There are 2 protein chains.
Amino acid sequence: MKREIEYLKGFQDFLPQDMIPFQKMLDKVRQVYESYGFRPQMTPVIEALSLLEGEEGETGKQIYRMEDKEGNRLGLRFDLTMPLSRIITLYAKELRFPYKRYQYGRVFRYDKPRPGRFREFGQFDGDIIGSSSILADGEICALIRDVMRTLGFSHFLVRVNSRKILTGLAQKLDLQDSQKDKQLFRELDKLDKQGWKQVKKTLLTGVHEEKKASIGFQLTPKQVDMVEEYLAISAPIQWEPAEEGKREIPQFYSYEKILKNLEDFFGENQAGRLGMEELQGLMDFLAEEDQSWLQIDTNIARGLDYYTGPVFETVLVDHPGYGAVYSGGRYDFLLGRFIDFKSFFKEFQEYRQKWKDPLTGQPILPAVGASLGIDRLFAILKDLKLLQPVKTLTQVLVVTMDTNLFLECRQIAEKLRHHGIVAELYTGESRSIKHQLRYADRLEIPLALLYGENEHKENVVAIKDLRKDREDKTKQKPIPKEKMVSEIQKLLGETSGDSH
Amino acid sequence: MKREIEYLKGFQDFLPQDMIPFQKMLDKVRQVYESYGFRPQMTPVIEALSLLEGEEGETGKQIYRMEDKEGNRLGLRFDLTMPLSRIITLYAKELRFPYKRYQYGRVFRYDKPRPGRFREFGQFDGDIIGSSSILADGEICALIRDVMRTLGFSHFLVRVNSRKILTGLAQKLDLQDSQKDKQLFRELDKLDKQGWKQVKKTLLTGVHEEKKASIGFQLTPKQVDMVEEYLAISAPIQWEPAEEGKREIPQFYSYEKILKNLEDFFGENQAGRLGMEELQGLMDFLAEEDQSWLQIDTNIARGLDYYTGPVFETVLVDHPGYGAVYSGGRYDFLLGRFIDFKSFFKEFQEYRQKWKDPLTGQPILPAVGASLGIDRLFAILKDLKLLQPVKTLTQVLVVTMDTNLFLECRQIAEKLRHHGIVAELYTGESRSIKHQLRYADRLEIPLALLYGENEHKENVVAIKDLRKDREDKTKQKPIPKEKMVSEIQKLLGETSGDSH
């Protein structure tokens, strides 16, 4: 190397063998979104920093920032949701509500790079904006199901909860707005790893062991009993910590039983009841014979603070170690943050009564969606051998051995293309057949077409099936030129499943 | 608005009505590239600044720069060619040469925003790396032709020249390596606008008029005569400046005559002769009955300094005002800039003799490609009404009027989707049929499917063709549920050209 090329951690190149299946995956996902009537949208990678900076916590610290020569403070988007709030505010009048949009794009987070975690990665988002109906939440769940099935996952579970139920729990514990509620939710996420015994200690007076010491959350034993009761609503509590790196998916109760447990637990608590209604509505809408993909799990909190209603996360039942692979939820307060609702509702009279938070009465811009971290899912699909590298899309390599026949070789290639066959003309400078066939072989191109002086004289082309004749270099099949297309189609069709 | 949203100049949002046709356009382009055997590749948006900074001149100044918390100097890619040089250097052993890759991606230039010029825009690049054969250049030209046709342009011209011919001209003028050669090439680009008389003045002693004065290039009258002779090789010189905003495409000579003129002009000049051979090879390879799309124009220089062989630019014959819309060329010296050729050729023995610049004998990594500024082309297609906004992909809106029938409505939508029909379930909170049909109408969804208590009882669905029945709100056609799919397919098929 003349000059060292700097290696940037957390960034990845997709060479064709990965990019071909990656793109196929993207296309499949896109097709599912489109089949539901989601419409594509594109926003810039660069946004004004002021749009992104509202974000609190970890993500806010991870923004790539810069300044341009005019002094504008810019940032690279860290998700596709913040740009969506800009879109909704700027173009509200042009959009029809419910606005169902999908967007695929690269997003940027200055995070610690880990296996499967990148600083630049693709997100595929689908959202329904401007509807507080459970129909919207339900369609998002059905969409998740269809995307997962399309990608080839057969055994997955969409776990749903409602943030309102967690609000209800916080109310019942008298922790609401005390910041302790968020601490509690975060602690519950650790149940798997630490087991209930350990978590319970933290909730009470903390840990006072030889090497570890913490002050604990100082909940009363009565409060902790109530937490314990809550935790048993969807499934028996796991008392022991899970083995390192292994999560187990609990044995859940039937959704009727869970709803009954919720009713017993919440009684007249308004937030809890609203949450129950949401879950009931969701289950009614999604009811079907095979409901093995859907499960209420009231212990799910989802990290992001902006969720307000149903939340979903998807796990691979046979591989729970991967964690949640496709998540989302309702976030009624986020997209309206730039909107002056007084003038907005003058424009959109019909929504004034409907777009109101049932708990606080505040105006909302209702929204629900799910985001797919597509680079990570691609890595998992490869890991599970559900996706294989694909070296090329070429079906026929047209060998170019005779300078005088370049023109005719191109015309042959074009004729094949015209019939939907991916025909690559060998464009290298070597005129050696052996060299060109080796090229085809290494790229796993199924067929080679040879057209030299002899073939020209006899008005034929010679086809070599490289899948079968790899060893026998002399085996070629002469085919009359006018039958070329159909013969090649037949050869490709025979093993079309393999070819690409 | 609660908080003003900053408006960033030079950036654009694509709402669905634009994004749907934009994506269709991208898909079409992709399909053409893939039909030739080009394989996709993806690289990050962020690159080490050191990779990008090699670029001299305007583009180098336009790089968006930033620094991360580890102190890495980063930049946003301004094209897809610099990342390609990194890919080739890092992965040379894994790639098969010729490496035919395509890449679509967003690129970033801090440029003065103008209509159709953005600071963030999409490029669609196709390149053949690792072949000095004219076959590679020829396939790129054929690719440009097919992409243009696929996009719906019927009357376009790919103008080709060779940089070696310009090198030959500079040699004959004794201007080689004097920097005056580049000044000259830039001046020739102004011929259209300024006319020969004006350009000639600049080449000689400059302009000495009342308000304008310049020192001129100080070429001798003999040199200027030679330039004049050169300019007439492909077409008669345009003596007068073109009208403001209007360019005219000259009446070119036949390519045989141009090659003859070149021969007369260059005689034994080596660079000129090599350039002629390139053009001859290209024309021989691309010869076909309808060659109206291809033209040798020796006055084309192409802005970028890195070109070394054939260069191409595409103009719309009926709309020359748009300038060059799809350009490229051979750039044998660029991709090798990080490569230590001594060790490289140890690995790739077979290329040692072939990958050598014929003029200087220096080692090269031969490459040829073309780049499509896809946002700009999209703007032109819209401008010329070759592309229309498309509001939605939804073919059937499943109206949701009865809470008790939500589940069945979803199942109906899913059945349609299962048969490849884009069926959107109305997910808003309004249960009013009128409201939902207005939604369908505004999005120009062709069909609405109604399923209420009556339809449920009679085991039918009611189909409303919104294309025909926009006025008559009562006109609905009841269809037995088991015939639903085929009836809808029939209705959509009847006007499938219109629907999307």
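Residues numbered from 1 in each chain as written. Chains lettered and ligands numbered in written order. Predicted model: local features only at pLDDT ≥ 70, side-chain atom pairs only at ≥ 80, totals over all residues. Heavy atoms only, no water.

A short note on the relation of the copies chain B and chain A
Rules: We place the copies in one frame by least squares, fitting the C-alpha atoms of every residue whose pLDDT is at least 70 in both. What makes two residues a contact is simply this: any of their non-hydrogen atoms within 4.5 Å.
The two copies are related by a screw motion: chain B maps onto chain A through a turn of 180° and a shift of 0.0 Å along the axis, at an RMSD of 0.0 Å. Interpreted geometrically, this transformation is the action of a two-fold axis. Relative to the rotation axis, the C-alpha of Met66(B) is the closest in chain B, positioned 2.7 Å from it. The overlap is high: 100% of the interface residues of chain B also sit at the interface in chain A, so the same surface is used on both sides.

Description of the sheet that holds strand 2 (residues 46-48) of chain A
Across a sheet, paired strands are connected by hydrogen bonds in the backbone, their directions being either parallel or antiparallel. Residues and elements named next belong to chain A. What counts here: When DSSP locates at least two bridges between a pair of strands, those strands are taken to pair. Secondary structure elements are taken from DSSP: a helix is a run of H or I of four residues or more, a strand is a run of E of two residues or more, and numbering for both begins at the N terminus. Axes here refer to lines fitted to C-alpha atoms; in helices the fit is confined to the stretch in contact. Angles between the N-to-C directions go from 0 to 180 degrees.
Spatial strand order, 2-4-3: three strands in an open sheet with antiparallel pairing. The sheet is open, and its two edges are formed by strand 2 and strand 3 (65-67), each paired on a single side. With direction set aside, neighbouring strand axes in the sheet form an average angle of 40°. Pairing of strand 2 with strand 4 (residues 73-76) involves three bridges; the strand directions are antiparallel. Residue glutamate 47 lies in a different strand from strand 4, and its bridge partner there is glycine 75.

Side note on the sheet that holds strand 6 (residues 120-129) of chain A
All names here are of chain A. Taken together, the eight strands give an open sheet; going across it, the order is 1-5-6-11-10-9-7-8, and neighbouring strands pair in mixed fashion. The open sheet has two edge strands with one neighbour each: strand 1 (39-40) and strand 8 (294-296). Pairing geometry for strand 10 (residues 326-330) and strand 11 (residues 367-373), over five bridges, is antiparallel. Counterpart to serine 327 in the pairing with strand 11 is serine 371. Taken strand by strand, helix 4 (residues 81-91) contacts strand 5 (99-108) and strand 6, and its axis lies near 40° from that of strand 6. Contacting strand 7 (156-162) and strand 9 (310-316), helix 6 (residues 163-172) crosses the sheet at an angle of about 50° to strand 7.

Quick look at the pattern of salt bridges
Selection rule: Criterion for a salt bridge: a side-chain nitrogen of Lys or Arg within 4 Å of a carboxyl oxygen of Asp or Glu. Only protein chains enter the accessibility calculation, which uses a 1.4 Å probe; a residue is then buried when its area is under 20% of its type maximum, exposed when over 50%, and partly exposed in between.
In total, this model carries 69 salt bridges over all chains according to the counting rule given. Between Asp13(B) and Arg86(A) there is a salt bridge whose closest N-O contact spans 2.7 Å. Highlighted residues: Asp13(B) in the segment before helix 1 (16-35) and Arg86(A) in helix 4, drawn from two different chains. What makes Asp13(B) buried here is its relative accessible area of 18%. On the basis of relative accessible area, Arg86(A) is assigned to the buried category, the value being 6%. Arg410(A) is the partner of Glu414(A) in a salt bridge, and the nearest nitrogen-oxygen pair spans 3.1 Å. Note that Glu414(A) and Arg410(A) are positioned in helix 14 (residues 406-418) at a spacing of four residues, about one turn of the helix. The same class applies to Glu414(A) and to Arg410(A), which are both buried. Through salt bridges with shared partners, a single ionic network connects Asp27(A), Arg30(A), Glu34(A), Asp27(B), Arg30(B) and Glu34(B).

Some remarks on helix 1 (residues 16-35) of chain A
What counts is decided by this rule: Here the expected span of a helix is defined as 1.5 Å times the quantity of residues minus one.
Between the first and last C-alpha of helix 1 of chain A there are 28 Å, a value that for 20 residues agrees with the 28 Å anticipated at 1.5 Å per step. Along helix 1 of chain A, 15 of the 20 residues are buried, which leaves the element largely enclosed by surrounding structure.

Considerations on the packing of helix 7 (residues 180-188) of chain A against helix 8 (residues 191-203) of chain A
Residues and elements named next belong to chain A. Threshold: Should an angle fall under 35 degrees it is called roughly parallel, over 145 degrees roughly antiparallel, and 65 to 115 degrees roughly perpendicular, with every other angle called oblique. Gly counts as polar in this scheme, as do all residues outside two lists: the nonpolar Ala, Val, Leu, Ile, Met, Phe, Trp, Tyr, Cys and Pro, and the charged Asp, Glu, Lys and Arg.
For the pair helix 7 and helix 8, interaxial distance at closest approach is 9 Å and the crossing angle is 140°. Relative to helix 8, helix 7 is oriented oblique. Where helix 7 abuts helix 8, its residues Leu184, Glu187 and Leu188 lie against Leu191, Gln194, Val199, Thr202 and Leu203. Counted by class, the contact of helix 7 with helix 8 contains five nonpolar, two polar and one charged residues.

Thoughts on the environment of Glu313(A)
Residues and elements named next belong to chain A. On the secondary structure map, glutamate 313 appears in strand 9. Residue class for glutamate 313 comes out buried when judged on its relative accessible area of 11%. For the pair glutamate 313 and arginine 302, spaced eleven residues apart in the sequence, the C-alpha separation amounts to 7.9 Å. Contacts of glutamate 313, omitting those with residues within four sequence positions, involve Leu157, Val158, Arg159, Ile300, Arg302, Ala324, Tyr326 and Ser327.

Remarks on the domain arrangement of chain A
Cut-off, in case you're wondering: Here the limits of each domain have been adopted from an automatic or database domain assignment.
Assigned domains of chain A: these are domain 1 (9-132 + 332-390), domain 2 (159-300) and domain 3 (396-499). Between the C-alpha centres of domain 1 of chain A and domain 2 of chain A the distance comes to 28 Å.

Observations concerning the environment of Glu94(A)
All names here are of chain A. Inspection of the secondary structure puts glutamate 94 in the loop between helix 4 and strand 5. Judged by relative accessible area, which is 47%, glutamate 94 ranks as partly exposed. Counting along the chain gives 16 residues from glutamate 94 to phenylalanine 78, while the straight-line C-alpha distance between them is 26 Å.

Side note on the interface of chain B and chain A
Worth spelling out the cut-off: Polar contact criterion, stated in full: a pair of N or O atoms within 3.5 Å, where within protein one must be able to donate a hydrogen and the other to accept it, and residues adjacent in sequence count only if both atoms are side-chain atoms.
Contact with chain B, which involves 114 residues of that partner, is made by 114 residues of chain A. At the junction of chain B with chain A, the criterion picks out 14 salt bridges. Summed over the shared surface of chain B and chain A, the result is 48 residue pairs in polar contact (both at pLDDT 80 or more). Looking at the side of chain B that touches chain A, the element that brings in the most residues is helix 1 of chain B, giving nine residues. Among the residues forming the side of chain B that touches chain A, the class breakdown is 55 nonpolar, 21 polar and 38 charged.

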